[in-house]
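# Coordinate analysis (summary)
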Amino acid sequence: MELKDKNVFITGSTRGIGLAIAHKFAAQGANIVLNGRGEISEEVLTEFAGYPIKTVAISGDVSDSQDAKRMVEEAIVALGSVDVLVNNAGITKDKLMLKLTEEDFEQVLKVNLTGAFNMTQAVLKPMTKAREGAIINVSSVVGLTGNIGQANYAASKAGLIGFSKSVAREVAARNVRVNAIAPGFIESDMTEGLPEKIKEASLAQIPMKRFGNTEEVADVAIFLASQEYLTGQVIAIDGGLTMQ
C-alpha cells in the first residue's frame with residue numbers, strides 16, 4: 001500500500017509508541033487521526049503542523065462500542081475513509097495473581113482487547129467494501145511469554161494475537177490485512193523510572209543488550225501497513241528476547 005494520502009487512525013496516540021507511530025505515518029505523507037480518552041492537547045497537535053497532511057483529533061473511549069463507532073464515523077466524515085487502523089490504546093493494572101481483582105482483570109481486557117475489537121468492527125465494513133485496508137494491533141512480548149504480576153495484561157495481549165490471526169483469515173479475500181506487533185522492552189517514561197537493578201536484570205535477558213525505542217516500533221508499523229502480501233503475522237521487536 002502506498003501510504004501517501006492514506007488516512008490512518010491510531011488509538012492511544014497522544015504519547016509513547018502511539019505518538020511515534022503517528023509521526024512515522026505523517027512523515028510518509030499519510031493523514032492522521034490522533035486519539036486519546038481525553039482532549040488532545042494543543043502541544044501534541046502542534047507537533048504535526050509541519051507535515052503537509054491533514055491531522056484530525058478525535059477523543060473517545062475505545063472500550064465503549066458506541067463511542068468506537070462514533071469515532072470512526074467522525075474520521076470518515078473528516079477524511080473520507082480510514083485506510084489504516086492501529087489499535088494501540090492500552091492500560092496496565094499490574095498485581096500478583098493472588099491480589100488481582102476481577103475488576104483489575106476485566107478493565108485491562110476491556111480496553112486492550114475489547115477496545116481493539118470495537119475499533120476493528122467499526123472499520124471493517126468500509127474497508128471490505130473498498131477492498132483495501134490494513135489493521136495493526138499492538139500486542140506485547142508479554143502476550144507471547146507471560147510475566148509475573150501481569151496475568152491480566154498478558155491475557156489481553158495474547159488475546160490480541162489470536163484475534164489478529166482470526167480476523168486476518170476472515171478478510172484476506174477482501175484485501176484487508178491484519179497483523180500484530182509485539183514490542184519487548186521499549187525506552188519510555190515507564191522504563192526510565194525503573195530501579196537500576198531491574199534495568200540491569202532486564203537487559204541481561206535481551207541478546208542485543210539494549211532496550212528498543214518507540215521509533216523502531218513505529219518502523220515496524222510502517223512496514224506492516226505497506227506490505228501488500230503480508231497478513232496474519234506477529235512481529236516481535238524485542239532485541240531477540242523471544243527468538244526461538
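Reading guide: rules and limits
- Residues numbered from 1 in each chain as written.
- Predicted model: local features only at pLDDT ≥ 70, side-chain atom pairs only at ≥ 80, totals over all residues.
- Heavy atoms only, no water.
- UniProt positions renumbered as here; feature names shortened; annotations may be inferred.
- Axes fitted to C-alpha atoms, helices over the stretch in contact; angles between N-to-C directions.
- Helix = DSSP H or I, 4+ residues; strand = E, 2+ residues; numbered from the N terminus.
- Parallel < 35°, antiparallel > 145°, perpendicular 65-115°, else oblique.
- Left-handed = near helix turned anticlockwise from the far one by under 90°.
- Contact = heavy atoms within 4.5 Å.
- 1 Å grid on protein atoms, 1.4 Å probe; cavity = no way out; pocket = protein on both sides within 12 Å on 5 of 7 lines; lining within 4 Å.
- Points joined across faces, edges and corners; volume = space filled by probe spheres on them.
- Nonpolar A, V, L, I, M, F, W, Y, C, P; charged D, E, K, R; others polar.
- Core = buried A, V, L, I, M, F, W, Y, C linked by side-chain atoms within 4.5 Å.
- Buried < 20%, exposed > 50% of the residue type's maximum accessible area, 1.4 Å probe, protein only.
- Polar contact = N/O pair within 3.5 Å; in protein donor to acceptor, adjacent residues only side chain to side chain.
- Expected span 1.5 Å × (residues − 1).

- With an unreviewed UniProt entry as reference, the protein chain is termed 3-oxoacyl-[acyl-carrier-protein] reductase, source organism Streptococcus massiliensis.
- According to the UniProt record, the Catalytic activity (unreviewed entry) comment for the protein chain is "a (3R)-hydroxyacyl-[ACP] + NADP(+) = a 3-oxoacyl-[ACP] + NADPH + H(+)".

## Regarding the packing of helix H3 (residues 65-79) against helix H4 (residues 102-130)
- At a closest axis distance of 8 Å, the pairing of H3 and H4 adopts a crossing angle of 40°. What the angle tells us is that H3 and H4 run oblique. The crossing of H3 and H4 is right-handed. Across the interface between the two elements, Ser65, Ala68, Lys69, Met71, Val72 and Ile76 of H3 pack against Asn118, Met119, Ala122, Val123 and Pro126 of H4.

## Points about empty space enclosed by the protein
- Tallying each qualifying case throughout the model produces one cavity of 30 Å³ or more.
- As a volume, the largest cavity reaches approximately 70 Å³.
- As for the largest cavity, its lining consists of Thr11, Val62, Asn87, Asn88, Ala89, Val111, Asn112, Gly115, Ala116, Val138, Lys157 and Leu160.
- Where the lining of the largest cavity is concerned, the elements lending two or more residues are H4 and helix H6 (151-171).
- A total of four residues in the lining of the largest cavity trace back to one element, the largest contributor, which is H4.
- Looking at the lining of the largest cavity residue by residue, the class counts come to six nonpolar, five polar and one charged.

## Some remarks on the nonpolar core
- By size, the foremost hydrophobic cluster in this structure holds 34 residues, and its most contacted members are Ile21, Phe25, Ile32, Val84 and Val86.
- Sorting the residues of this core by element identifies strand S1 (7-10), helix H1 (16-27), strand S2 (31-36), strand S4 (84-87), strand S5 (133-138) and helix H9 (214-226) as the ones contributing at least two each.
- Beyond its immediate stretch of four places on either side in the chain, Ile21 contacts Ile10, Val86, Val138, Ala218 and Ala221.
- Grouped together as the second largest cluster of nonpolar side chains are 28 residues, Phe9, Val33, Met127 and Val178 included.

## Looking at the environment of Ala180
- Tracing the chain through its elements places Ala180 in strand S6 (residues 176-183).
- Spatially, the C-alpha atoms of Ala180 and Glu74 are 25 Å apart, while their sequence positions differ by 106 residues.

## As for the side chain of Asn112
- Along the chain, the position of Asn112 falls in helix H4.
- For Asn112, the side chain forms a polar contact with the main-chain nitrogen of Ile91, separated by 2.8 Å.
- Apart from the residues within four sequence positions on either side, Asn112 is in contact with Ala89, Gly90, Ile91, Tyr153, Ser156, Lys157 and Leu160.

## Some points on the UniProt feature "binding site: NADP(+)" (unreviewed entry) in the protein chain
- Taking the UniProt record as the reference, the feature "binding site: NADP(+)" (unreviewed entry) is found at Gly12, Ser13, Thr14, Arg15, Asn88, Tyr153, Ala154, Ala155, Ser156, Lys157 and Ile186. Taken together, the annotated residues stretch across 175 residues and extend over separate regions, lying up to 24.5 Å apart by C-alpha. Checking the annotated residues one by one, the ones that line the largest cavity turn out to be Asn88 and Lys157.
- Among the structural elements, Asn88 can be located in the loop between S4 and H4.
- Excluding residues that lie within four positions of it along the chain, Asn88 makes contacts with Ile10, Thr11, Gly12, Ile17, Gly18 and Val138.
- A relative accessible area of 4% means that Lys157 is categorised as buried.
- Those residues in contact with Lys157 that sit more than four places away from it in its chain are Asn112, Val138, Ser139, Ser140 and Gly143.

## What to know about H9
- The first and last C-alpha atoms of H9 sit 19 Å apart over 13 residues, in line with the 18 Å expected at 1.5 Å per residue.
- Packing partners of the buried residues in H9 comprise H1, S4, S5, S6 and strand S7 (234-237).

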